[in-house]
Amino acid sequence: MTQQNVVVSDPKSGINLTIPVKVPVSNSSALFTTAAQKPPPGPGSCITISRKTLVEINGNNSARINSWVESMRASSPTHHKSSPALSDDLNSWMVQHPSALDMFEQIISASKGKQIVMFLDYDGTLSPIVEDPDQAFMSDAMRATVRKLARYFPTAIVSGRCRDKVYSFVRLAELYYAGSHGMDIKGPSKGSKYKKGAQAVLFQPASEFLPMIDEVYKELVDITKSTEGVRVENNKFCASVHFRCVDEKKWGELAQQVRSVLKEYPKLRLTQGRKVLEIRPTIKWDKGKALEFLLESLGYANCTDVFPVYIGDDRTDEDAFKVLRERDQGFGILVSKTPKDTHASYSLQEPSEVMVFLRRLVEWKKLSLRRQFRIRRQIEEMKASLRN
Ligand SMILES: O=P(O)(O)OC[C@H]1O[C@H](O[C@H]2O[C@H](CO)[C@@H](O)[C@H](O)[C@H]2O)[C@H](O)[C@@H](O)[C@@H]1O
């Protein structure tokens, strides 16, 4: 057991009471199953939940909710004004995860003789994070860049969103799409020069969960309707509960609501993204598995001459970064302005830097193709002059 301070807020008086309670030390980090998960807080940390919620939950459950809230906080760092200590942290993190722009030449030379395959997360990578998930549009400039990228490299969008939704934002039919955290994969519907003539790729490893997710989505909408600012999104094979616009004082209450639904569904699990709780099937499938599946579909299953590059900003992208580390192939790039635990090798600060990086890749490829073409022509000319 450990002692935890719980702040009970009385909605009528607005008074907060701090109550020390004994709670079991739970292995609650397992609730959030991505790689970069931090352990639950130690004794003495505080959370705020309403009196009603406190009465409803038992000791074990309260420890669990505490750790959910702490995890929600950990995934939503407050951006303080820069201080010398913070910039020291950032500098030492940047030594471990240098900017992919600064390391461009090294990256290119590591890919020499190999086929680069591009994997791009959507939210926070191709489009900036905004309050309303329905308004997370990518710019025309970004779309044009991704279109050019796909002319030179097989390119996939790997997103937590449902595939149709992310397609409606990206609108490029020549790409591969892996929606619902990789649980809904579809090949290009037009114009890809990769895997010509191959059967269309369509892979949905969690299809049996479709009715369950639909049911849970409806329950989540219903149970959270009294909590201001919550947004529940149906991502087909998973559901997202957004708390970006929920007052932090209500996070405990929201965690309790989500928990009360989830506990009735042992076949579902919870992961976490940027100010979002994600409910998904317990199957062993994630963005990392989707990456491997796509490499296989492209014919690079056991190849050493492939160089996958995965760019993402979220905890759920860590599964893919980890796969690349384990395969010792290509590398991951984390999009982040702040230091984070990550399996990625390099970093970029924001989507605008992602665009610059992608453009440089396109320019480099164009130049190297032109160079190859010139050399081939010179060889042909030399051969012809020798014959004459
Ligand atoms: O894998 P991704 O493509 O990064 O998708 C992850 C989640 O992205 C979306 O939520 C995030 O972006 C929203 C719009 O900027 C933002 O409001 C929210 O706070 C972020 O978590 C999307 O709405 C979710 O369904 C995805 O799971």
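Here's a quick rundown of the structure. (Residues numbered from 1 in each chain as written. Predicted model: local features only at pLDDT ≥ 70, side-chain atom pairs only at ≥ 80, totals over all residues. Heavy atoms only, no water.)

## Observations concerning the sheet that holds strand 8 (residues 202–203)
Okay, so step 1: Within the open sheet, the eight strands sit side by side as 8-7-6-5-4-13-14-15. Their pairing is mixed. Across the chains shown, the open sheet's two edge strands, defined by having one partner strand only, are strand 8 and strand 15 (346–348).
Okay, so step 2: Judged from the two bridges that link them, strand 7 (residues 184–186) and strand 8 form a sheet pairing that is antiparallel. Following the sheet pairing, Lys186 is matched in strand 8 by Leu202.
Okay, so step 3: Across the sheet, helix 10 (residues 318–327) lies against strand 13 (306–312) and strand 14 (331–335), angled at about 150° from strand 14, the strand it touches most.
Okay, so step 4: Against the sheet, helix 11 (residues 351–387) touches strand 4 (115–120), strand 13, strand 14 and strand 15, its axis set at about 160° to strand 4. (Pairing = 2+ DSSP bridges. Helix = DSSP H or I, 4+ residues; strand = E, 2+ residues; numbered from the N terminus. Contact = heavy atoms within 4.5 Å. Axes fitted to C-alpha atoms, helices over the stretch in contact; angles between N-to-C directions.)

## Looking at the state of the cysteines
Okay, so step 1: Per the counting criterion, the structure on display carries zero disulfides.
Okay, so step 2: Free cysteine Cys238: the closest other cysteine sulfur is in Cys162, separated by 8.7 Å. (Disulfide = S-S within 2.5 Å.)

## Some points on the site of the ligand
Okay, so step 1: Around the ligand, the surrounding shell holds 22 residues, and the nearest of these are Val130, Glu233, Arg244, Arg274 and Lys287.
Okay, so step 2: The contact in question runs from an oxygen atom of the ligand to an N or O atom on the backbone of Tyr122, over 3.3 Å.
Okay, so step 3: With respect to the ligand, the side chain of His242 contributes an N or O atom lying 3.2 Å from an oxygen atom.
Okay, so step 4: About the coverage of the ligand: the protein hides 100% of its 570 Å² of free accessible area.
Okay, so step 5: Sorting the residues of the shell around the ligand by element identifies strand 10 (239–242) and strand 12 (276–281) as the ones contributing at least two each.
Okay, so step 6: Its residues assigned to classes, the shell around the ligand comprises seven nonpolar, five polar and ten charged. (Near = heavy atom within 4 Å. Polar contact = N/O pair within 3.5 Å; in protein donor to acceptor, adjacent residues only side chain to side chain. Areas by Shrake-Rupley, 256 points an atom, 1.4 Å probe, with all protein chains shown as cover. Nonpolar A, V, L, I, M, F, W, Y, C, P; charged D, E, K, R; others polar.)

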